[in-house]
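Here are the chains, one letter per residue:
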Amino acid sequence: MFSKETYKARREQLRKDVGHGLIVLLGNHEAPFNYTDNTYAFRQDSTFLYFFGLQHADLVGVLDCDNGKDYLFANDIDIDDIIWTGPMPSVADQAASVGVDNSGSLADLQTLCIKTIGEARKIHYLPPYRADNLNQLGALLSIKKEGVCRYASMELILACVKQRAIKSAEEIEDIERAIATAYDMHVGAMKMATCDRYEYELAGFMEGTAKMAGGPLSFPVIMTTHGEILHNHGYSHKLTPGRLLVMDAGCETANHYCSDITRTVPVGGHYTDRQRTIYELVLAANMEAIRITRPGITYQEVHTAASRILAQGYKDLGILKGNVDDIVANGAHSLLMPHGLGHMMGLDVHDMENYGQINVGYDDETRPSTQFGLNMLRCGRRLQPGYVITDEPGAYFVPALIDKWHAEGTNKDFVNFDELEKWKDFGGIRIEDDILVTEDGCRVLGKPIPKTVKEIEETMGM
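Rules used throughout
Residues numbered from 1 in each chain as written. Predicted model: local features only at pLDDT ≥ 70, side-chain atom pairs only at ≥ 80, totals over all residues. Heavy atoms only, no water. Pairing = 2+ DSSP bridges. Helix = DSSP H or I, 4+ residues; strand = E, 2+ residues; numbered from the N terminus. Axes fitted to C-alpha atoms, helices over the stretch in contact; angles between N-to-C directions. Buried < 20%, exposed > 50% of the residue type's maximum accessible area, 1.4 Å probe, protein only. Salt bridge = Lys/Arg side-chain N within 4 Å of Asp/Glu carboxyl O.

**Observations concerning the sheet that holds strand 11 (residues 388–391)**
Here is step 1 of the chain: In space, the three strands of this open sheet follow the order 11-14-15, with antiparallel pairing throughout. The strands lining the two open edges of the sheet, one partner per strand, are strand 11 and strand 15 (442–444). Taking each pair of neighbouring strands and ignoring which way they run, the sheet shows an average axis angle of 35 degrees.
Here is step 2 of the chain: Two strands pair when backbone bridges link them, and strand 11 and strand 14 (residues 433–437) are joined in this way by four bridges, in the antiparallel orientation. Across the sheet, Asp391 pairs through a bridge with Asp433, a residue of strand 14.

Dropping the structure here:
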């Protein structure tokens, strides 16, 4: 946890930005794995963490914008619980630890909500992403389940995005701690990427490394020799010579700030000439994004600049044809990168997307595209100092997608399908860094993780 003053200041700013009414922020509950008492590892709701910092289940935080008071509600545990869990701090003690003066039971919360509704004051809440929170909100506010999301507060959503999007110095330090662990995860896995191992061995090493550093994974490891599948979570393949291995993984700190890193390495330690050509093209796109990222530019513009690098490279290889600007304008390059350049990152690996991704990555000025590929860009808005975003261009030769475009004649003026046939067995490459937008540019966060062909081959040869 950060200091209680940090959480008090965050809550004060949120009350000021929302301006009126009662803000209800639900913590998460335990989630059963296969029966009630066998639960998944508990993960607190990120908004609750941001404003209250407390890690226990079944907590509810309340901010009253009209009287300046904060509350923490939960039921204290009894001896039947203590037998299984050991002593737990009281609700009042937990509240005091984060600068909250008022606490009570869940019955007290219900009374406060009924009183607020009777006063015709608005109750602000965020759209729930878990069924148990949806049910709890419905019961608290006497709203049918199907109406709960409809009445979520856009004022609260936008106030949370405004505040959480700008990372403080202590948040950046925590993110860099997560990247330090990701360094160990990725470098260790690189050294293990030898022939005759299995993907699950490397994925298991990464998860174990994250847990040994005190935090869970920030998302399920992507570890695959079929990198053309963007989010391949199967780990059954044997590592064989001549294959590329995409390793997309990150972890959380004890405070739950994230890292998200991707490296693509050659099984056995050496890229073939063909692999090196595509790898260096993707790396050039990654580096161009870093070069031009700065306050005032939109990330949609950065995506387009990286796309231009890729399009020119594919044209030089004879895979694409025509004018590069026309290739990009028509989205022909997206056949080989059908996703966006990156997303915001912080307490969530896709930061704040439970608020609605369009409310996080876009605004009234910058709206999502409808063009294939570009429509998957999760953050397109104008950048500000303090944003943390991922930079993850890729190259994916997806046989089913290539065949579909060929059969339908999609972008046939720009795609050399005869040449592309020779690449359908290639697989995929993705290179991803976490970057901070600074006052005059950006910087890649954390200890540099081997990224060039030379660095990776030397690391794998150790």
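**What about the pairing of strand 10 (residues 261–266)?**
Here is step 1 of the chain: For strand 10, a buried count of six out of six residues is recorded, marking the element as mostly surrounded by other parts of the structure.
Here is step 2 of the chain: Burial along strand 10 is two-sided: Ile261, Arg263 and Val265 and Thr262, Thr264 and Pro266, pointing in opposite directions, are all buried.
Here is step 3 of the chain: Where strand 9 (residues 244–249) and strand 10 come together, six bridges link them in antiparallel fashion. Counterpart to Ala249 in the pairing with strand 10 is Ile261.

**Observations regarding the pattern of salt bridges**
Here is step 1 of the chain: A full pass over the atoms with the stated rule returns 35 salt bridges.
Here is step 2 of the chain: Between Lys162 and Asp17 there is a salt bridge, and its shortest N-O distance comes to 3.4 Å. Of this pair, Lys162 sits in helix 8 (residues 154–164) while Asp17 sits in helix 1 (residues 4–18); the two residues are 145 residues apart in sequence, bridging distant segments of the chain.
Here is step 3 of the chain: Taking the relative accessible area as the measure of exposure, Lys162 reaches 53% and is therefore exposed.
Here is step 4 of the chain: Among the salt bridges present, the one from Arg274 reaches Asp425, with a minimum N-O distance of 3.0 Å. Remark: Asp425 occurs in the loop between helix 16 (417–420) and strand 13 (428–430) and Arg274 occurs in helix 11 (residues 273–292); sequence separation between them is 151 residues.
Here is step 5 of the chain: One salt-bridge network, held together by shared partners, links Asp64, Asp66, Lys115, Glu119 and Arg121.

**Regarding the sheet that holds strand 9**
Here is step 1 of the chain: Strand order in the open sheet made by the three strands is 8-9-10, with antiparallel pairing throughout. Each end of this open sheet is capped by a strand with a single partner; those strands are strand 8 (222–224) and strand 10. Put simply, the sheet's adjacent strands are angled 10 degrees from each other on average, direction ignored.
Here is step 2 of the chain: Bridge count for strand 8 against strand 9 is three bridges, and the pairing is antiparallel. Each bridged residue has a counterpart across the sheet, and for Met223 the counterpart in strand 9 is Met247.

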